[in-house]
Amino acid sequence: MTLDGGLADLLDLQDVDLAIDRLLHQRQTLPVLAEYQNQSGERDRLAAVIAEKRGELRGLELDLDKAEGELDILETKLKESETRLFAGGMNARETEQKRLEVQALRGQQATMESRVLELIEVVDPLRSDLEKLEEELASRNERVGLLENEISMAWAEIDAQIARREATKNELAQPIPPDLMILYEQLRRSKEGVAVGRLVNGTCGGCHLALSIPEQQEASEWEPPRCLHCMRILVL
Ligand SMILES: [Zn+2]
C-alpha cells in the first residue's frame, strides 16, 4: 500500500473519530442530566427532612403512649378510691384520708390529661405534615424515575450511533499501517482530537497557520509529512 493512500484514509478516520468525540460529549451533557441532578438532589434533601421528622414523631408518639398509660393507671386508682369512699363504713379519719387521696388523684389526673392533650396537639400536625411530605417524595421519585428512563433512552440512541461509527472506524483503520496508527492516536491525545490536517493553499488544516514553499518542502521530507508549526500529520 502507498503512504499517500494511508494518509487520506487517516483524514476519513479522523472525521469518524471526531464524530465519536462529539457523541461522547453529547452523552455527558444532555440537558436532561442537569434536570435529573437537580430533581434527585431535591428528592434526597426531602428524604432527609422526612427521616428527621419521622424520628421526631417516633419520640413524641412514645411520650404520648407513656402519658396515656399513666393516665389509665391514674383513672383506675381514682375509680377504686372513689368506690371505696362511696361505699362508706370507714371511720372519720379514714374517710378524710381517702377524700384527700381522691383529691390528689384528681389533681394528678388533670395534669396528665393536659400533658396528653399537649402531646396530641404536637403529634397530629406532625403526622399530617409527614403525610404531605411523603406524597411530595412519592411524586418526586416518580419524576426522577421518568428522567432516568429519558436518559437511558437517549443514551441507548447515542450508544447505537457510536457503535455504528466504531464499526466504520474499524473498517477504515484496516489498511492503515500500525506505526502510523500509533502516531495518529498519540497526536489525537495531545492535540485535542485533531492529529491530521490537509494542506490547503499552503495552510495547515490542523493549526491553520501558513507554510512557506521552503517550509512545505521541509514538511514533505518527514515520513509521514508533518506541519512544522503544530507537528500534526500533514496530508499534502
Ligand atoms: Zn499545523
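Details of the structure are given in the entry above.
None of these values were measured; they are calculated from a predicted model.

What is the right way to read the coordination of the zinc ion from this model?
The reference angle at a metal is 109.5 degrees if four donors form a tetrahedron and 90 or 180 degrees if six donors form an octahedron. Bound to the zinc ion are the protein donor atoms Cys204 (SG), Cys207 (SG), Cys227 (SG) and Cys230 (SG), situated 2.2 to 2.4 Å from the metal. Between the four donor atoms coordinating the zinc ion, the angles at the centre fall across 106 to 114°, so the site counts as tetrahedral. We note that the donor set of the zinc ion lies within a single chain, spaced as C-x2-C-x19-C-x2-C. Remark: Cys230 occurs in the loop between α5 (213-220) and β3 (233-235) and Cys204 occurs in strand β2 (residues 203-204); sequence separation between them is 26 residues. Residue Cys204 shares its accessibility class with Cys230, and that shared class is buried.

Can you walk me through the packing of aromatic side chains in this structure?
Geometrically, a pair of aromatic rings is defined through the distance of the ring centres and the angle of the planes. This model, assessed by the stated rule, comprises zero aromatic pairs. Here Arg27 stacks its cationic end above the ring of Trp155, 4.2 Å away from the centre of that ring.

What's the story with the sheet that holds β3 in this structure? I'm lost.
Each strand in a sheet pairs with its neighbour through backbone hydrogen bonds, running either in the same direction (parallel) or in the opposite one (antiparallel). Spatially, the three strands line up as an open sheet ordered β2-β1-β3, and their pairing is mixed. Here the strands that pair on one side only, and so sit at the sheet edges, are β2 and β3.

What exactly am I supposed to notice about a negative patch on the surface here?
The grouping of Asp65, Glu68, Asp72, Glu75 and Glu113 at the surface amounts to a negative patch. Ranked by residues supplied to the negative patch, first place goes to helix α2 (residues 31-87) with four residues. The topology assignment puts Asp65 in helix α2. You can call Asp65 exposed: its relative accessible area is 51%.

Teacher, can you tell me more about the pattern of salt bridges here?
Under the counting rule described, the total for this entry stands at 17 salt bridges. One salt bridge connects Glu42 with Arg45, and the closest N-O pair in it is separated by 3.4 Å. One end of the pair, Glu42, and the other, Arg45, are both in helix α2, three residues apart, so they sit about a helical turn from each other. Look at Glu42 and you get partly exposed, because its relative accessible area is 28%. For Glu185, the salt bridge goes to Lys169, with nearest N and O atoms at 3.9 Å. Of the two residues, Glu185 is situated in helix α4 (residues 178-190) and Lys169 in helix α3 (residues 92-173); the sequence distance between them amounts to 16 residues. Residue class for Lys169 comes out buried when judged on its relative accessible area of 16%. One network of salt bridges, with partners in common, ties together Asp17, Asp21, Lys169, Glu185 and Arg188.

Quick notes on the rules
Residues numbered from 1 in each chain as written. Predicted model: local features only at pLDDT ≥ 70, side-chain atom pairs only at ≥ 80, totals over all residues. Heavy atoms only, no water. Donors = N, O, S within 2.8 Å, 3.2 Å for Na, K, Ca; no water. Tetrahedral: all angles 85-135°; square planar, octahedral: opposite > 155°, others 65-115°. Helix = DSSP H or I, 4+ residues; strand = E, 2+ residues; numbered from the N terminus. Buried < 20%, exposed > 50% of the residue type's maximum accessible area, 1.4 Å probe, protein only. Phe/Tyr/Trp six-rings, centres within 6.5 Å; stacked < 30°, edge-to-face > 60°. Lys NZ or Arg CZ within 6 Å of the ring centre and 35° of its normal. Pairing = 2+ DSSP bridges. Patch = residues over 30% accessible without salt bridge, like charges linked within 9 Å, V, L, I, M, F, W, Y side chains within 5 Å. Areas by Shrake-Rupley, 256 points an atom, 1.4 Å probe, with all protein chains shown as cover. Salt bridge = Lys/Arg side-chain N within 4 Å of Asp/Glu carboxyl O. Lys, Arg positive; Asp, Glu negative; His and termini not counted. Charge placed at Lys NZ, Arg CZ, Asp CG, Glu CD.

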